[in-house]
Structure formats: structure tokens, C-alpha cells
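The lines below spell out each chain.
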Amino acid sequence: MMKKKSIPASKPLLILFLCQIISALDVPLDSKLLEELSQPPTITHQSPKDYIVDPRENIVIQCEAKGKPPPSFSWTRNGTHFDIDKDAQVTMKPNSGTLVINIMNGGKAEAYEGVYQCTARNERGAAISNNIVIRPSRSPLWTKEKLEPHQVREGDSLVLHCRPPVGLPPPIIFWMDNAFQRLPQSERVSQGLNGDLYFSNVQPEDTREDYICYARFNHTQTIQQKQPISVKVFSTKPVTERQPVLLTPTGSTSTKVELRGNVLLLECIAAGLPTPVIRWIKEGGELPANRTFFENFKKTLKIIDVSEADSGNYKCIARNTLGSVHHVISVTVKAAPYWITAPRNLVLSPGEDGTLICRANGNPKPSISWLANGVPIAIAPEDPSRKVDGDTIIFSHVQERSSAVYQCNASNEYGYLLANAFVNVLAEPPRILTPANKLYQVIADSPALLDCAYFGSPKPEIEWFKGVKGSILRGNEYVFHDNGTLEIPVAQKDSTGTYTCVARNELGKIQNEVHLEIKDPTMIIKQPEYKVVQRYGQVSFECIIKHDSTLLPTVIWLKDNDELPDDERFLVGKDNLTIMNVTDKDDGTYTCIVNTTLDSVSASAVLTVVAAPPTPAIIYARPNPPFDLELTGQLERSIELSWIPGDENNSPITHFVIEYEDGLHEPGVWHYQTEVPGTQTTVQLKLSPYVNYSFRVVAVNKIGRSQPSEPSEQYLTKSASPDENPANVQGIGSEPDNLVITWESLKGFQSNGPGLQYKVSWRQKDVDDEWTSVIVANVSKYIVSGTPTFVPYEIKVQALNDLGYAPEPSEVIGHSGEDLPMVAPGNVQVHVINSTLAKVHWDPVPLKTVRGHLQGYKVYYWKVQSLSRRSRRHVEKKILTFRGNKTFGMLPGLEPYSSYKLNVRVVNGKGEGPASPDKVFKTPEGVPSSPSYLKITNPTLDSLTLEWGSPTHPNGVLTSYILKFQPINNTHELGPLVEIRIPANESSLILKNLNYSTRYKFYFNAQTSVGSGSQITEEAVTIMDEVQPLYPRIRNVTTAAAETYANISWEYEGPDHANFYVEYGVAGSKEDWKKEIVNGSRSFFVLKGLTPGTAYKVRVGAEGLSGFRSSEDVFETGPAMASRQVDIATQGWFIGLMCAVALLILILLIVCFIRRNKGGKYPVKEKEDAHADPEIQPMKEDDGTFGEYSDAEDHKPLKKGSRTPSDRTVKKEDSDDSLVDYGEGVNGQFNEDGSFIGQYSGKKEKEPAEGNESSEAPSPVNAMNSFV
């Protein structure tokens, strides 16, 4: 027996309130019942509160209501009774409160403006409608005005005012021309919310004489037109660009009030040239996602369904290339009243209690007032059962005379809500709504639900009886539902019979009989089997069924879960499906489905179609099913099963699988029992009590499993008390005041007998308390209410049935529900370890205040600001969780030189407790990040200019910058390292006294008091001195071919000591070029080992000169000769001659270079002196300029590419390979063949060479200069 528990004294009011709610009657939605019951009026339909009508049509003010008896209707107009009988133009529809005011037959709509309210009344109360404000729509004409033409200067702003007449409702504005075509709008020209047309800047194409504003009044379906406006734009050159200026709204700030649930429209239109672009932001927050839209080219911000959270400052920013302007709109969202809990109709029995609750919210907070039958409750007739308490009316011990309709009015300055809710006190004898003698048919072992729908006031009590003179039904084999339904969870054959439902209350008693029939389940006793058939053969699937004799089954065959093909080869018989002349497309799964009006079963088999074997072969197949199953040696807990194996089909049987069916608990479901070797045909089987066993055997070979054998005869074991108790018993509270005990229910065959139940026991641990026990039906959960928060309980669950109890169960420990922790951790201390790591300590909270399983502590920490920049940013809180009862934790990843806050909270299974007070700590300085950039510009002969950006993360106060640099020679070797310390407030530096035409590598980093940060590197080159750069070129490649060799010669222009190579290959072949290295600086080479009579391609290149090569040349070797030829290239005299020629050429080249460096006068010099051209002044040697033009060859015109210009600069063209990219200063360009075109300039001052930001290898031009 479950022990009774006392109710704490602090809970009576709550229980009383719950009882009041539970005691209210639910009226079934039965049309016949609703027609018979008395009911106060209810307004079902009414016109809108603000009702704008067409003055040309009849006015229809709707008011519909229902009630029993049907209500009568009356109206008030402007607060006084409206006598419709005295106005011939006003009629009321029959059986309705709807008014029809006849305007079309002489009435004037203006005469019927006013506030109307409808009252529907019957003997049980009066319901009232909203106040309906009737206003006829108006579409007045435009006032005539003289419009002066607008003359505007190009680029100025312009506003064309519309100013439509005030209508009801307001008109829709649009601009068109004389041809009724809408004027195009854009970011520059657009219409504002007030209807005016705004030009951010006017253009010549805006000149026209037909800017026309139209106003469309939808209610009257009329359009009014304003006089055309003329605009003439006159041009001035040049057009002055202008910064943005706001056309609307004016000033820097404005305010806007909008109501909750409405659409918020904010507008900013700006003038300016170029046309400004508008951007919107919300200060201190984000624009609401999914509710924000931009219209009118982003000039209008639209937020739908606004709420109080959308209040705030919205900033629009207009920007163009000259600047920006902004405007802040302060938005306040107010709210008309809206329901939190609207009053609901209340149906009570005499003597019962109940409440009407009316709760609304708004901004400002609405006031609540009550009316009874349309009259303020303060002056309404008194009712001793009624008590008004603010937004609640409490009813106690009501009587039939307490029936009434109550109105709740919630109002503030922005609107009101009115709701009707009736209190209907009914005294009704019981009624049973379920038809008499209703027949229920159920399949055996399935649930049966017998209905007994009822109504009565007071609420009747329901009892069930079986048979005419049977006793009242009780016990765990029945479930009684609150709606009167009787449930039999497992209906058996003996459940068949007549059941009587009795409903009674203090006003009477009534009964109703229903009938229950239990039917046998439908079964497939011969299922279709797996088939393998040869193509063009015949196959048949069986489907033999057993069913209740009173049910008519229908059999349907499916192929692959779809209808059978419409083919005459498919023959459906009574118990089978036959397929004639089988084809490959018949392969698939065939399903037999048997349906009755109460149940459905199915079985499937696979058909495999194979090709006919060309010659007979041994067929290996699954074994045939065993047969002749026999049961012997029956005992309470064991039995012997024997069988005869079927044909092995050429594959020995490896083992047998024994399966069983529990016909009592799970009919039709087969379970694995055991398996035995293929040589064994008997087995001793262990049995459980209270199971109706059937057995079958499946044979298995290497091919697969056989079909199951026919089932054995059934064997019902005797009942016994349970052998085991439920497993996985747990006790975990779902709420702070309960304990939810759960377990895994026993399976059907584990019950060992009928009437399976569970004895659930619990007691508080470590408290001298007795066990509290309750016996429950075959469920898996029980909830203990009213427990203290998070206390341990000893729990045990014991199974029992009609024959007795299972063995004594073991106890488990559970806990009642958790609640949020009560206190925050104290004594929070932070120890800063370094600039990015801190350790936080706290005192553990008392375990009693955790009120749950302690899961750990959470540390919330966030950066407040950087101490170096003093700039705040959006706070992003980080959370670290420390499991268990830890009292410290490490905070990694902090930013140096920053201010942080943190707090600590304890966590249990319910959630987090309160936060500790915020603790402020600061991280020390750290080393800075690398400078944001390093640029090297303005290279000269001996100087470079360095510019840099401060580190993105200074991580402290910068003390200085460290610059290190060193030269790099042509072999990429590094020279001595020079270090310079630069003050922290500097952002550029000019390095002087550098070597000319030298590449330098720079290393740059910032320092704080802690140390140096990571460095950034860059390379740059100082420009060349006045030595003429030589452009490398290989040309005039010639060949002299013999039978097996060829003599290759060429001309080279460029630095000395170049290392040449020759590449060759068969002409027209896609094979890779073959490469031969030329020893020394010779300008000839002999290719040997060539194939006679073959065309070859050849080209010459220079090593280390960025891939400079000659153009290709093609030659052909001579045909093969029968007689032996003497190879001239191998003769000593020829080799000596060639060496002498090469030496002579080398001497001549050296002489040419020396003379070029000394320079020779051009004859044009004297001419220039004679003409004294002012544009060309001779340059002096002492200021770094030329005193005369010179060339290596005296008195010859200057060749292309032979000189650099006097200012020694290069204009960078589109090519990425220009000399500028290598840091050189040559003002010129390249020919298509790669030669250089020089341009002479007489400018007095040098132009600075362009800088080099490349960090690649040294310039090839520098490499060439090193040879001169």
C-alpha cells in the first residue's frame, strides 16, 4: 500500500486555484447537445473598429452572434441608443444584428458618421461589439495654383513638391508624364515617402515640361492630377562637384514613434555630385535579420513587425567621393494593448468555483476594466458569488443566476482591446452521447477501446459493467479514461460480450450498452518461397491463409512493392500466383498481402531468373526444409524436439537453426532459440513459464538457408512467479520537486504468468524513514512528487504476477530533481602569469548550495579594452569549463597589454548558478607584431627611402623600431649587417651613403619594453652610376653544315665573360632541345655526330642572363658520301685559324668598349651650339650632367639602343619584365625584337627613379654592369 502524505501548509492556495481550473466543465462538440443547452450570447462576426465606407454605396455594419435562446440585437450611436425604427433608411437583417443604411436611395453617408456599438442579449446575458467608427472616404480635388517653371543649374539638387489634397484614406502618390508613362527613378532621382520627387543632382536630360504628380484614392477608385511642372536645366562648364547634403530629413537628428507590430519606415534622401550612396546602421546594435528591407535605392529603411526591442538610434550615412553627411533618427516603439491572456468562456455547475483572467500588455501599460452584460461592473447588479481582483474575477459557489457575459477592456492612449467571455452555470442530468448498442470488433490480443462519451453538470461519474447483471469492472486488466472510454489492453476471446456504461450525478443517472466481438487474427500459413527459374520457364508462388470465419479476406499480389504488370502471363489464383513463360524482366520481389476489415498481413519471396544451362550440370541449391517435427519428454522447464532433414541439394547441411513462436504474447513473431550441428536431428530445449511454444527448424548449407519447416504442435508451459526483476532501474528527477523512477520492462515471456505488475519502492537515504511502495501496471516509469530538491533515495523495483513476487530486488541510489545552484563562487583571484596567460582561483561553493550533481565551474572572461589604443569594441565573451570540483584554471590566448573582466559560476545538471562579481585584471606588455608594411621608394645613386606602418597589434607601448640591412652581391652572398634604432614616433627614414647599383636586404621590426617583435623583410636596389648599360643580345647566327657536323657562329652584344650554350634538334620534331656548353667566351661551336641529309634547328643562349637566346636558325647536313671525307673541323690548321680569328675579334671588342667609355663627340654638337636651342642645354660634369654628346664611334649617328637617356630613368610600361621592375632608371622602351629605344632629354634636373619593392634575385642589368 502507498502511504498517504500530508500537504504542507504553504500550498493550499495553489491547490485551490488548480482545483478551480480543473473543475470547469468541457462541453463536447456535439451538435445535438449544443442545440439543447442554454448558452449566453457570443459575438461571432463584426465590422472593423475603423470602418471607412464608400459614400456612393450602402453602408453595411455587421454584427452576428449566437446563443441559446437566440439573442436579440440593439445598437448605440455616439454613446446613445440608436432607434432604427425611426429612420426609414436603416434596416436590420432578419435573425441578425447587421445594419444596412440605404445610401443609394437618397441617404447621405456623411449623416451617418459616428461611433456604433452592437449589443446581443438573451436571458443568460449580453455581449457587446467593439466601438465601430464609421467614416465615409473622401477624395477632394487639387487646389488650383500657379506653378512657376524651375530653372536649375546642372549638378544642383531639386525637389518637386506634390502636396496632394488630404483624403480619407490617404492617397497613393506616383509621378508620370503627359503620355501616362511613369517617370524613371534611380539613385539620383526618386520619390520620397511624402510624395515629393527628389533630384540629388540634375542633368541636362532632366529638362522637360510634363512632371505630373498623380494621387489615387482607392476607396472611390478615382485619380486626381496636379498641374504639370516644368524643369529646365542649364549647363555651366565645368560642373562643380558637391559634398552630400541631406534633403530630407533636415538637421542632424529627428525622432520617430511607431507602434508594435507595424511597419517602420525611415527615409534619408541626399543631394550631391557625384550622386551619394546611402547606408543605414543601428547605433549600439545590429539591424534585425529577416525583418529588414531596403527600398527606394536604399534611401528607405523598412523594418516589418517592429517590437519594443527595435527602439534605438538609426543612422543614415550619405557618402560620395567628396565626403559624407549623416542623420540620426531616434525611434521609440510604443504598443497598443495586446493580449497576454484573453478571458475564456467558463461553464460551471451549481456550487462550483472558477476564474476569469484578463491580462494584456502595451506601452504604456494598459488599464483593465470589467463590464457585466455591457454595464461597468461597479454599477452592475451585485452577484455574491463574484469578486473582482484587478485583472481577475473569482467566482465561488456559483448558482444558475450567476450566468452572465463579462467584458474585459484593456486600453491605453494608442488603442483598446475588448473581449467577451461568458460564465454559463448549467444544472444538467447526465447524457450519454455514444450511440446505443454500438458494435466493436477487435482482433484477439489487440487493445479494445469502448466509448462512452458523456455530458452532465455537475460532471457525472462513470462506471462500467460486463453483462446485464455483472459486477463493476475493476483491476489492472482495464484502463478507465477521463472521457469515459474503457480500454482492454489485451482483448482475449473471453472478452467478448455486452458492456454497460453508467453515468450518474446528483440530478440523475443514465446507462448505455455496447457490444464487443473478438476475432481470430489473419495468418499466412504457407508463405511464398524463394524461387530460381530458367528463362522461358514457369514458376508459382503459394500464399495459403487462415482467417476468422466471419471476416472476408482479400488477397493482393505486388511486384517490387508495385502492382503486377498488366500481362496475361501473370495468373492469380485463390492461393497462388503463377507466371508463365518467364523473362528476365520478371526478376524481383513478389509480395502477398492479405487484408480484412480489422487486420492485414503480408509475406514476400524473391524470384531469380537465370539462363538455361547449355548442358546438364550439377545443381547446388539451398537445402529443402526439415519435416515431421515432434515434441517429446515434456517437462515444466524443458522439452525434446526432433525432426527429419530435407534434401541437401548437393551441398551438405552445416547446421540447423531452431526458432520458436510465443503464441500467447507475440503470435506470428519467430525468435532464435539455438542451433545444432548438421549431423544432429534432436535437441533438448530450455523453456520459460507461461509461454505457448511452437517450434520450427531451418537447415543451412553453403548455398544458404532453407525455408522454415512447418511449425510443431503448440506446448503451453505452466505459469510461475517471475524469475527476474526489471533491469536498468534509475531514479532521476525531472523537476526540483520530483523523482522519476524508470526501468526496463520485462518481455512477455519473462513475465512467467498473467497479471504482470511492478512493486516500486523508495525511501530517502540516510534518513530514518520506512519504505514507501506502490504497485503499478505493466509500465516502465513512476513519478514521485513533492520530494525535497536533490536528495538521495534508495530505490528498488520488484516484478510480480498473479502467482507471486520475483526474488527480492537489489537497491539502487537515485536523486530527486536538481535545481539551479544558489550561490556564486567566492574569493575569485587572478594571477597573471605572462602577457597571454593568466591563472584564476576561486573558493568552492558549499555542496549543499549546488542543489545537484556538481559538473564543474565555468569561467566567463572578456576583453574590455586595449591599454595601448584605448578603443572599445564589441564584447565577445569567452567561456572555459573546468570539470569536477576544481578551484583554479588557466586562461590562455589573452591579448597583451589589455584590460579583462571575468566571473565564475558553478554548474550542475540543471544549469548555471549566479555569477561571481566581475573581477578586473590587466595583462602586461608583450612583444609587438610585425610592422603592418614596409615600402622602399625613391632609389638614387646612394640612398633609399623607407616607409612603414605601425604594428597591427602593438601589445604595449612601442619604444623604438630596429632596422637592419646588408648588401647582397651577384652570387647572392650577404655583406656586413648594419643596425639602426629609430624612434617609435617615426614612420619613414632616408638611408644615405649607400653603394650605387647595389641590392640591399632589409630586416625591420618594432620593440616594446618587453622586447622585439617579429620582423618584416624587403629588398631594394640603388640605381646605377653613369656607366652605359649594355643590353645583352645574340644575333646573326650562321651555320656551315657538312655531312655529320655543322659549324655554328654568332655575334654577341653585352657584358664580357658570358657563358654560351648551343641548343639544337631535328626540325619539325617535338622532342626536347639538346644542349651543348661552349667553353670560354668563344662565338663559334662545332656540332658533331649529326645525321647526314637531315634538317636541324639551332639557337644560341647565354647562361645567367635570364634566358636570353637568339632566334632559331635551320640548316641541313649534306648527304652521306660513299668515299671517306676529311673532317675539316678536326684539322689542326683549321682549329688554329679559328682561334686566331676569335682572339682578333676579342681584342677588337675590348678596344670598342674602352673607346665607348671614353666617348666621342657627335657632329650634331656644333650645330646645337650654333642654334643655341633653349630647350636643349649642355650638361656640366660637375653637377652630374653631360657636357657633350659622345659615342664609341666618333661622328656617327646614335644607334638605337646604344645609349641611355641623360636623366637615367626608365618609364615603366605594361610589361612585367621592364627594367623598372629591377630597380633601374632608364627612361625608354623596348622594340619588338628586344632592343632598347633611347630618348634624349634636355631637362636640367634629374627625375627620381622609380622605387623597387621587389624581393626577388638581383637585376640582370646590374649583373651586366658588373662586367663593364
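Residues numbered from 1 in each chain as written. Predicted model: local features only at pLDDT ≥ 70, side-chain atom pairs only at ≥ 80, totals over all residues. Heavy atoms only, no water.

### What to know about the overall build of the chain
- Helix and strand content of the chain: 6 helices and 94 strands.
- By residue count, 41% of the 1268 residues in the chain fall in the buried class.
- Look at the contacts in the chain between residues 6 or more apart in sequence, and 65% of them connect residues 24 or more apart.
- Per element, the accessible surface of the chain, about 68300 Å² overall, is 51% carbon and sulfur. (Helix = DSSP H or I, 4+ residues; strand = E, 2+ residues; numbered from the N terminus. Buried < 20%, exposed > 50% of the residue type's maximum accessible area, 1.4 Å probe, protein only. Contact = heavy atoms within 4.5 Å. Areas by Shrake-Rupley, 256 points an atom, 1.4 Å probe, with all protein chains shown as cover.)

### Thoughts on the sheet that holds strand E52 (residues 562–563)
- On the basis of which strands lie adjacent, the open sheet formed by 5 strands has the order E48-E56-E55-E51-E52 and mixed pairing. Each end of this open sheet is capped by a strand with a single partner; those strands are strand E48 (531–534) and E52.
- Bridge analysis of strand E51 (residues 554–559) against strand E55 (residues 588–595) gives 6 bridges, and the strand direction is antiparallel. Among the inter-strand pairings, Leu 558 is bridged to a residue of E55, identified as Thr 591. (Pairing = 2+ DSSP bridges.)

### Overview of the pattern of salt bridges
- Under the definition given, this model contains 37 salt bridges.
- As a salt-bridge pair, Arg 208 and Asp 210 come within 2.8 Å of each other at their nearest N and O atoms.
- The exposure class assigned to Arg 208 is partly exposed, which follows from its relative accessible area of 27%.
- Between Glu 912 and Lys 858 there is a salt bridge, with the nearest N and O atoms lying 3.1 Å from each other. Taken as a pair, Glu 912 in the loop between strand E77 (898–908) and strand E78 (919–922) and Lys 858 in strand E74 (residues 854–866) lie far apart in primary sequence, 54 residues in all. (Salt bridge = Lys/Arg side-chain N within 4 Å of Asp/Glu carboxyl O.)

### Some remarks on the nonpolar core
- Counting residues in each nonpolar core, the largest one holds 29 residues, and the members touching the most others are Ile 59, Ile 61, Trp 75, Ile 101, Tyr 116 and Ile 134.
- Secondary-structure elements contributing two or more residues to this core are strand E2 (50–53), strand E3 (59–61), strand E4 (63–68), strand E5 (72–77), strand E8 (99–101), strand E9 (114–122) and strand E11 (132–136).
- Of all the elements, E9 adds the most residues to this core, at 3 residues.
- Ile 101 has contacts with Asn 58, Ile 59, Ile 61, Gln 89, Val 90, Tyr 112 and Tyr 116, leaving out every residue within four places of it along the chain. (Core = buried A, V, L, I, M, F, W, Y, C linked by side-chain atoms within 4.5 Å.)

### Focus: the sheet that holds strand E26 (residues 300–303)
- If you walk across this open sheet you meet the 3 strands as E22-E26-E25, and the pairing is antiparallel. Each edge of the open sheet is held by one strand with a lone partner, namely strand E22 (264–267) and strand E25 (292–295). Adjacent strand axes in the sheet meet at a mean angle of 20° when their direction is disregarded. (Axes fitted to C-alpha atoms, helices over the stretch in contact; angles between N-to-C directions.)

### Some details on the confidence of the model for the chain
- Put simply, the chain has an average pLDDT of 83, and 85% of its residues get 70 or more.
- Taken together, the stretch residues 1–23 has pLDDT below 50 and engages in 18 contacts with residues farther than four places along the chain or on a different chain.
- Here residues 1026–1030 is modelled with pLDDT under 50, and outside its nearest four sequence neighbours on either side it reaches 17 contacts, counting other chains as well. (pLDDT = per-residue confidence, 0-100.)

### Section: the packing of aromatic side chains
- As enumerated under the stated definition, the model contains 24 aromatic pairs in all.
- Aromatic pair Tyr 1000 and Phe 1002: ring centres 6.4 Å apart, planes at 35°, arrangement tilted.
- In this structure Tyr 1000 comes out as buried when scored by relative accessible area, which is 4%.
- Ring centres 6.5 Å apart and planes at 50° place the aromatic pair Tyr 1064 and Tyr 1096 in the tilted group. A residue pair is termed long-range when its members are at least 10 positions apart, and Tyr 1064 in strand E88 (residues 1059–1066) and Tyr 1096 in strand E91 (residues 1095–1103) qualify at 32 residues.
- Assessed through its relative accessible area of 6%, Tyr 1096 is described here as buried.
- One aromatic cluster in this structure is built from Phe 174, Phe 180 and Tyr 214.
- Between the NZ or CZ atom of Lys 298 and the centre of the ring of Phe 294, over which it lies, the distance is 6.0 Å. (Phe/Tyr/Trp six-rings, centres within 6.5 Å; stacked < 30°, edge-to-face > 60°. Lys NZ or Arg CZ within 6 Å of the ring centre and 35° of its normal.)

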